[in-house]
Amino acid sequence: MTIIALGKFGGREISYGADLDVVFVGDDIRAAQNLIVTMAQLTGEGNIWMLDARLRPEGEKGPLVCSLDTYQSYYASRAQPWELQALTRARAVTGPRQNEFIEIAKRAWREAGRHVDLCMSIDNMLERIRRDRGSGCDFLDFKTGIGGIIEGEFLVQALQMREDTWEPNWAGALDRLRETRRVTDSEAAKLKAAYTFLRRCESVLRRFDNKSISAFPSDPNEQRKLAIRLGHHDLDAFREKYVDARETIHALYNLRVKNASD
């Protein structure tokens, strides 16, 4: 059995309260099932990382473990655009077929990057995420909202796919895009600072509750506590920095992705 990491796990960017996104390649279903069950067990030190294998072909309706031929056929003919975009963060973890899988993933990913409607497809996906996963208050939605974490990630992924820049790590990909002049030094620096700030907010919130959190608390007192944990004793100054970070991401997203899809 071969294990491929995706998502934040693939990009080496995991944080508190996260699952590990994986897909299994091979034919040993029992081994994959045993691994998922074992990782879900409670230990004396708390929970081990949970494995999430829903990014496999056909999602939860598909087989847990697929052959290389199945992946090749699926990515070439039936995969949705967002599934091909998700391959941006594919990284082999272990197993005998890891190099072969990555080559299949790269070919499908490069082909998707050549589509004329790439930016429109990514923008449509972002809008669906906002509708389906937003809290109803965009200001609080630091992850799914306008100029939020996901928008910053989709921005870099869109440029990666268009420029054929294979790099699972977000910051590493941004550095390579800067080196190739796809983004300017100034744009890269501002984007990295804004994205890092939002990820720090996410990390502090998740560390406190040890679970996935995608929105700020609506209570001003809880917001003040968050600001203090992040080293800001002035709530207004913290909010100003937060708004500036999101506006920075959104402005560059509009410039590089949104306008390209119109």
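On a predicted model such as this, the values are computed, not experimentally measured, just so you know.

K.L.:
Run through the packing of helix 8 (residues 170–179) against helix 9 (residues 185–209), naming residues and quoting values.
P.N.:
Two packed helices can be described by the angle between their axes and the distance between those axes. Contact geometry of helix 8 with helix 9 gives a least axis separation of 9 Å together with a crossing angle of 170°. Between helix 8 and helix 9, the crossing angle belongs to the class labelled roughly antiparallel. Facing W170, A171, L174, D175 and R178 of helix 8, the residues of helix 9 in contact are D185, A188, L191, K192 and Y195. Among the residues making up the contact of helix 8 with helix 9, the classes are represented as six nonpolar, no polar and four charged.

K.L.:
Please provide a residue-by-residue account of the packing of aromatic side chains, values included.
P.N.:
Under the definition given, this model contains eleven aromatic pairs. With a centroid separation of 5.1 Å and 90° between ring planes, the pair formed by Y71 and F101 is classed as edge-to-face. Of the two residues, Y71 sits in helix 3 (residues 68–77) while F101 sits in helix 5 (residues 98–113), which places them 30 residues apart along the sequence. With a relative accessible area of 0%, Y71 lands in the buried category. By relative accessible area, which is 0% here, F101 ends up buried. Joined through ring pairs, the aromatic side chains of F139, F142, F197, F216, F238 and Y242 make up one cluster.

K.L.:
Can you tell me about unusual backbone geometry, naming the residues and giving the values?
P.N.:
Backbone geometry at E58 places phi at a positive 70°, although glycine is not the residue there. The backbone phi angle of R181 is positive, close to 70°, even though this residue is not glycine. Turning to its location among the elements, R181 is positioned in the loop between helix 8 and helix 9. With a relative accessible area of 54%, R181 lands in the exposed category.

K.L.:
Outline the nonpolar core, listing residues and values.
P.N.:
Among the nonpolar cores identified, the biggest contains 64 residues, and Y75, L87, F101, F154, L191, F216 and F238 are the most heavily contacted of them. When sequence neighbours within four positions are dropped, the list of residues in contact with F101 reads I4, V23, V25, L68, Y71 and Y75. Within the second largest apolar cluster, twelve residues are counted, among which are I3, V22, A32 and L64.

Criteria and cut-off values
Residues numbered from 1 in each chain as written. Predicted model: local features only at pLDDT ≥ 70, side-chain atom pairs only at ≥ 80, totals over all residues. Heavy atoms only, no water. Axes fitted to C-alpha atoms, helices over the stretch in contact; angles between N-to-C directions. Helix = DSSP H or I, 4+ residues; strand = E, 2+ residues; numbered from the N terminus. Parallel < 35°, antiparallel > 145°, perpendicular 65-115°, else oblique. Contact = heavy atoms within 4.5 Å. Nonpolar A, V, L, I, M, F, W, Y, C, P; charged D, E, K, R; others polar. Phe/Tyr/Trp six-rings, centres within 6.5 Å; stacked < 30°, edge-to-face > 60°. Buried < 20%, exposed > 50% of the residue type's maximum accessible area, 1.4 Å probe, protein only. Core = buried A, V, L, I, M, F, W, Y, C linked by side-chain atoms within 4.5 Å.

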